[in-house]
Amino acid sequence: MDFIIEFFKYWNYVGFGKMIRIFWYFIFFEFGRYVVLEFWVLFVYWLGRKRRAKEWEAAKQALYNEMPLISLIAPGKNEGKNIFKLVKSLNEQTYQNVEVIIVDDGSDDETPIIGRNLEKNGLIDLFIRNDMRGGKASAANLAWRYSRGKFLLHLDADCSFDRTAVENIIIPFYLDPEIGGVGGNVKVRNGDVSLCARLQSIEYLKSISVGRIVTSYLGIYRIISGAFGAFRMDALKKIGVWDIGPGLDGDITVKLRKSGYKIHFEPKAICLTAVPTKFKVLWKQRLRWSRSLVRFRLRKHLDVFLPHKNWRWGTFLGFVENIFYNFVLDIKWYIYIADMIINFSSWIWFLIPMNLALYMVAGFMQQLSLSLWSERSEDERVLWWYVPLMVFYVAFFLRFCRTLAYIKEFFWKASYRDPWNPQKSSYQALKNGY
Amino acid sequence: MLAINKINKQALIEYEDFLFMYVEEEEAFDSEKIFYVDAIIINSSSTRLFEKVLRVTRTHYDAEIYLKPIFCVQYEGLPLQVIERCDGLTDVTQYQKIARTTREIKNNVEKLFLQQKFPSNEFGVLYKTMQYLYTRNHDLVPFVDRHARLSYTYPFVSLQLEDEEQKKILDILKQGVRDGFLREEQMLDKVHICDACYSAHHNIRETCLHCNGIDLKVQDLIHHFQCAYIGPETDFMQEYTDDLICPKCQKILRHIGVDYDKPSHIFNCNTCSEHFQNPVFTYNCVDCGKISDIRHLQEHLIKRISLTAKGKQLVLSGLPKKTYESDSKVKEVTGVYELDVFKNILEQEKARTAFNPGRTFFGKVAVVDEKLNGISWKEKMILRDELARELKSYLKEYDMVTAVSAGEFYFLKLECTPEKLEELGELIVFNLEALVKSNVKDSQVVVSVNTQPVFHNQTIVM
């Protein structure tokens, strides 16, 4: 009790000016970007809803007038247990002029049996198996090679889709002919399995469902998720489809941007995915994802910062935002912590609770915006209880994981040794500077 | 010792105490004399002549004839169908050997119980086969025959059935094994037969998953490690050079395992342009033309078959009486009894009438028709069953019927009055006559019903 009285006395004494000095990191970078900016963009986005609805209807009409063939491809390894669920969900789609192609990248489970069976029974159009694993990119490229559609949807086999998902992810191509790729809204399906999955549910809602509305609106949307992304077939051909991963979904998005195509995020195209349910598995996954920032943004596509034929502000700013918020501020956070320890060491027990309280308040504000936008807000109400834990999840778990990934990739090029890709491909990618 | 005689054109050879039929040409073969000879010697390289002699002999109804030894004079290039199905190869100087084999077979035939009636045709074939195996004292060894529907010919058995019925051979032999008369020995082969016509002659091919087309092209898939491009070999091939060049990054693929690999293959259908990795394997039956998935082919094992002790016992003692007389029983209908049972019941009923006289009647139904003499025994049995069933249908559940033959039936009517019995008699006469007339052509059938009351200690002549 005494501590609480002391705590409030201290902050009353410190005053607003000094609070800014102490919490500058939070106020300028976190609150400004993730609360103020997002609320403002979402408000503007909300204001344009009627205009968008009209344009949407016209685009939908155009889609159904043309009824193009859409190729749905699902490359993967050891996805046998997921394939049937995926196919079932695809067969339920409102848009039916589709071909389904599944590529088995050297699975050692029952995938070949299941895939061939589905093909034989006409539930999918083509099942291709590579006896030797070539990696995700080669599997996707193989599916692309035999796709005949005007648009191609890249799906992860462990996903399932809302009935209108295919239709909704294609309509944006009819809104703007310059759009080369559309990202779908990926949500967590197994959020109720563990705490780890719950926290990811909130994270996905924040960073994808709402975060990407904002980045897409601002024209700096940078990753078409591999779990659910749509591409114009001619655009894929022009950019030379997928290169070796990991991080190939971010890579192909940048390639599309660099070739002059616009990228769009469609919140109505909803896909549910299964996320890791254990922190250990999640840690490995995030290490892989985070390494791609160094590999692709800071190495492969560094030319985005240089003037070239298809140079665009959006691509440039998207890169800047990505590098700044994920890389620069990550380093800066450690400096900030050091600043706190050195300059405010005697008041550290008042600073930490205040810091946590501020992040929690911001977290609840973000959660409010998620509830306003989500079509499943009723189901997601339970997530409110977990918002306080997000502070620790984001500030510590994800940050430490990111930092470690950057260091490993920056100094030791760890992504080229990642078993996610076969060694033969990683070796060639390293040798040839991909 | 050796004398060649000719009766009409047919040459006969007397050797020791045997008389051999000596056949050199088709025109001179007199099948009616087979019964009188001990063995047949064919001196011809003509398969046709051999087939004719074999067919006439082995398909005969008389065991003395169908088990007759047949020898062939050795000719170069004599087909397997001849070698495997005759009782020995010989030359014109080896009569001693022929006589020895003939004697063995003849002695064995004499030991057989010459069964004439069989419960079914299939059992007849099985029985004859067992007789053949016993008299030859060796196993039944099928041999490859490209003219046979099953691709295998079973000596003796194959001749018992028409070409399109050859699959029955396998069923008959299996039944023989199940019944313990035969034993399966070493497996010689597996045949896959058409599920429509049971032919083992078919053409197996890869067909398109989508259109069943057979014009398919298979290509390797090439994976270029460096840029992750993967596609069919033709994507990488050049018109004017032998180089493989990646269509995505334009690099030359020099070294398999270093620059690229071939993780898989893909089929392209030239009929419908679809792609797939796993074509459907279909068969085209040469005999009936059916095209179907090879999974529909029936697999059968071709095995060497031997005769068991139980089988030997059967051919030596014949079928148990019960087995071949099973048809003489009226097929089970409630209230229709065998004559012995009926007589017992009648005796009991007589005793019962001591306390309840005048309400039980004994009836005799006679069906007289000359045409019935012209139908086969089996047909008579069927007609008898039909009439017994028909007769029972006019009686109550507790009334009893027995059938002595197709022309003689008895019944026992309980709890009845003379008036009702008279009506019943008329009904039976009318309907049984109608039934016989509808089953027997030009029938002049006359059905009569005679009834009498049953009393205690009365003698009823049946």
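Here, the structure is the one placed above.
Residues numbered from 1 in each chain as written. Chains lettered and ligands numbered in written order. Predicted model: local features only at pLDDT ≥ 70, side-chain atom pairs only at ≥ 80, totals over all residues. Heavy atoms only, no water.

### Re the overall build of chain B
- For chain B, the count of helices and strands is 13 helices and 24 strands.
- Excluding contacts between residues fewer than 6 apart, the proportion of contacts in chain B whose partners are at least 24 apart in sequence is 63%.
- Roughly 23900 Å² of accessible area belongs to chain B as shown, and the carbon and sulfur atoms make up 48% of that amount. (Helix = DSSP H or I, 4+ residues; strand = E, 2+ residues; numbered from the N terminus. Contact = heavy atoms within 4.5 Å. Areas by Shrake-Rupley, 256 points an atom, 1.4 Å probe, with all protein chains shown as cover.)

### A word on the overall build of chain A
- Across its full length, chain A holds 15 helices and eight strands.
- Here the contacts in chain A between residues at least 6 apart in sequence split such that 82% fall between residues at least 24 apart.
- Carbon and sulfur atoms provide 63% of the accessible area of chain A, an area that totals close to 19400 Å².

### Quick notes on the interface of chain A and chain B
- Between chain A and chain B, the residue contacts involve 30 residues of the former and 30 residues of the latter.
- Around 2400 Å² of area is buried between chain A and chain B when both sides are counted, 53% of it from carbon and sulfur atoms.
- Arg148(A) serves as the salt-bridge partner of Glu274(B), at 3.4 Å between the closest nitrogen and oxygen.
- Our count for the contact surface shared by chain A and chain B stands at twelve residue pairs in polar contact (both at pLDDT 80 or more).
- Elements that contribute at least two residues to the side of chain A that touches chain B include exactly helix H5 (111-120), strand S3 (126-130), helix H6 (136-145) and helix H15 (423-431) of chain A.
- With six residues, the top contributor of residues to the side of chain A that touches chain B is H6(A). (Buried area = accessible area lost by both parts, 1.4 Å probe. Salt bridge = Lys/Arg side-chain N within 4 Å of Asp/Glu carboxyl O. Polar contact = N/O pair within 3.5 Å; in protein donor to acceptor, adjacent residues only side chain to side chain.)

### As for the packing of aromatic side chains
Residue and element names in this part refer to chain A.
- One pass over the structure, following the stated rule, counts 59 aromatic pairs over all chains.
- Seen in terms of ring centroids, Phe3 and Phe350 are 5.6 Å apart; in terms of plane orientation they differ by 35°. Their pairing is tilted. Placement of Phe3 in helix H1 (residues 2-22) and of Phe350 in helix H13 (residues 348-373) is noted, with a sequence separation of 347 residues between them.
- For Phe350, a relative accessible area of 11% corresponds to the buried category.
- Put simply, the rings of Phe3, Phe7, Phe8, Tyr10, Trp11, Phe23, Trp347 and Phe350 touch in pairs and so form one group of aromatic residues.
- Of note, Lys268 hangs over the ring of Trp56, and the distance from its end group to the ring centre comes to 3.9 Å. (Phe/Tyr/Trp six-rings, centres within 6.5 Å; stacked < 30°, edge-to-face > 60°. Buried < 20%, exposed > 50% of the residue type's maximum accessible area, 1.4 Å probe, protein only. Lys NZ or Arg CZ within 6 Å of the ring centre and 35° of its normal.)

### Brief notes about the pairing of strand S4 (residues 151-155) of chain A
All names here are of chain A.
- Counting buried positions along S4 gives five out of five residues, so the element sits mostly inside the fold.
- The two faces of S4 match: Phe151, Leu153 and Leu155 on one face and Leu152 and His154 on the other face are all buried.
- With four bridges connecting them, strand S1 (residues 70-76) and S4 associate as parallel partners. The partner of Ser71 across the bridge, within S4, is Leu152.
- As paired elements, S4 and strand S7 (residues 228-232) share five bridges and run antiparallel to each other. Within S7, the position partnered with Leu155 by the bridge is Phe228. (Pairing = 2+ DSSP bridges.)

### Things to note about the pairing of strand S4 (residues 39-42) of chain B
Residue and element names in this part refer to chain B.
- Residue alternation in S4 divides its side chains into two sets, Ala39 and Ile41 and Ile40 and Ile42, and both sets are buried.
- Taken together, the four bridges between strand S3 (residues 18-23) and S4 define a ladder with parallel strand orientation. Note on S4: the bridge partner recorded for Met21 is Ile40.

### Regarding the sheet that holds S4(A)
Residue and element names in this part refer to chain A.
- Sheet architecture is open: eight strands sit in the order S3-S2-S1-S4-S7-S6-S8-S5, paired in mixed fashion. The open sheet terminates on both sides in strands that have one partner only, identified here as S3 and strand S5 (159-161). When the angles between neighbouring strand axes are averaged without regard to direction, this sheet yields 30°.
- Bridging between S5 and strand S8 (residues 262-273) involves three bridges; their strand directions are antiparallel. Its bridge partner being in S8, Phe161 is matched across the sheet by Cys271.
- Contacts from helix H8 (residues 195-218) reach strand S6 (179-188) and S8, with the element oriented near 155° to S6. (Axes fitted to C-alpha atoms, helices over the stretch in contact; angles between N-to-C directions.)

### Quick look at the sheet that holds strand S22 (residues 400-405) of chain B
Residue and element names in this part refer to chain B.
- One open sheet accounts for five strands, arranged S20-S22-S23-S21-S24; its pairing is mixed. Of all strands in the sheet, those bounded by a partner on one side alone are strand S20 (336-337) and strand S24 (446-453).
- Sheet contacts for helix H11 (residues 339-353): S20, strand S21 (361-368), S22 and strand S23 (408-413); angle to S23, the most-contacted strand, approximately 30°.

### A few points about a negative patch on the surface
All names here are of chain B.
- A surface patch of negative charge is lined by Glu419, Glu422, Glu423 and Glu426.
- Structurally, the position occupied by Glu423 is in helix H13 (residues 418-439).
- Under the relative-accessibility criterion, Glu423 is labelled exposed at 54%. (Patch = residues over 30% accessible without salt bridge, like charges linked within 9 Å, V, L, I, M, F, W, Y side chains within 5 Å. Lys, Arg positive; Asp, Glu negative; His and termini not counted. Charge placed at Lys NZ, Arg CZ, Asp CG, Glu CD.)

### Structural notes on the nonpolar core
- By size, the foremost hydrophobic cluster in this structure holds 108 residues, and its most contacted members are Leu153(A), Phe228(A), Leu236(A) and Trp242(A).
- The element that contributes the greatest number of residues to this core is H8(A), accounting for ten residues.
- Once you skip the residues sitting within four places of it in the chain, Leu153(A) turns out to touch Ile70(A), Ser71(A), Leu72(A), Ile73(A), Val166(A), Ile169(A), Ile170(A), Phe228(A), Gly229(A) and Ala230(A).
- Counting 36 residues, the second largest nonpolar core, distinct from the first, contains Tyr127(B), Tyr154(B), Leu173(B) and Val191(B). (Core = buried A, V, L, I, M, F, W, Y, C linked by side-chain atoms within 4.5 Å.)

### Here's the deal with the pattern of salt bridges
- With the rule as written, the count across this model stands at 58 salt bridges over all chains.
- Where Arg295(B) meets Asp293(B), a salt bridge forms, and the shortest distance between an N and an O atom there is 3.4 Å.
- Taken together, the shared-partner salt bridges connect Asp162(A), Lys187(A), Glu375(A), Arg376(A) and Glu380(A) into one network.

### Notes on the packing of H1(A) against helix H2 (residues 24-47) of chain A
Residues and elements named next belong to chain A.
- For the pair H1 and H2, the least separation of the axes is 4 Å and the interaxial angle reads 70°. When the axis of H1 is compared with that of H2, the two are roughly perpendicular. Contacts between H1 and H2 involve Met19, Ile20, Arg21 and Ile22 from the first element and Trp24, Ile27 and Phe28 from the second.
- Grouping the amino acids of the contact of H1 with H2 by side-chain chemistry returns six nonpolar, no polar and one charged. (Parallel < 35°, antiparallel > 145°, perpendicular 65-115°, else oblique. Nonpolar A, V, L, I, M, F, W, Y, C, P; charged D, E, K, R; others polar.)

### A short note on unusual backbone geometry
- For Lys413(A), which is not glycine, the phi dihedral falls at a positive 50°.
- Mapping Lys413(A) onto the fold places it in the loop between helix H14 (387-412) and H15.
- Even without glycine at this site, Gln250(B) takes up a positive phi of about 65°.
- Topologically, Gln250(B) is positioned in the loop between strand S13 (244-245) and strand S14 (252-253).

### Section: the environment of Gly335(B)
- Mapped onto the fold, Gly335(B) is located in the loop between helix H10 (321-325) and S20.
- C-alpha separation for the pair Gly335(B) and Glu397(B), spaced 62 residues apart in sequence, amounts to 6.8 Å.

### Regarding the packing of helix H10 (residues 248-258) of chain A against helix H11 (residues 279-300) of chain A
All names here are of chain A.
- Relative to each other, H10 and H11 sit at 25°, their axes nearing to 10 Å. As far as their axial angle goes, H11 and H10 are roughly parallel. Two packed elements cross with a definite hand, and for H10 against H11 that hand is right-handed. The segment H10 lies against H11, with Gly250, Asp251, Val254 and Lys258 engaging Phe296, Arg297 and Lys300.
- The residue inventory of the contact of H10 with H11, partitioned by class, reads two nonpolar, one polar and four charged. (Left-handed = near helix turned anticlockwise from the far one by under 90°.)

### Describing H10(A)
All names here are of chain A.
- Burial analysis of H10 places ten of its eleven residues in the buried class, the great majority of the element.
- Inspection of H10 places Leu248, Gly250, Asp251, Ile252, Thr253, Val254, Lys255, Leu256, Arg257 and Lys258 among the buried residues, and these make up the whole buried set.
- Within two residues after H10, Gly260 carries a phi angle of roughly 100°, on the positive side.

### Overview of a nonpolar patch on the surface
Residue and element names in this part refer to chain A.
- Taken together, the side chains of Met1, Phe3, Ile4, Ile5, Phe8, Trp349 and Ile352 make up a nonpolar region of the molecular surface, amounting to roughly 820 Å² of accessible area.
- Those elements giving two or more residues to the nonpolar patch turn out to be H1 and H13.
- When residues of the nonpolar patch are assigned to their parent elements, the largest contribution, four residues, is made by H1.
- Within the secondary structure layout, Ile5 lies in helix H1.
- Residue Ile5 is classed as partly exposed on the basis of its relative accessible area, which comes to 43%.

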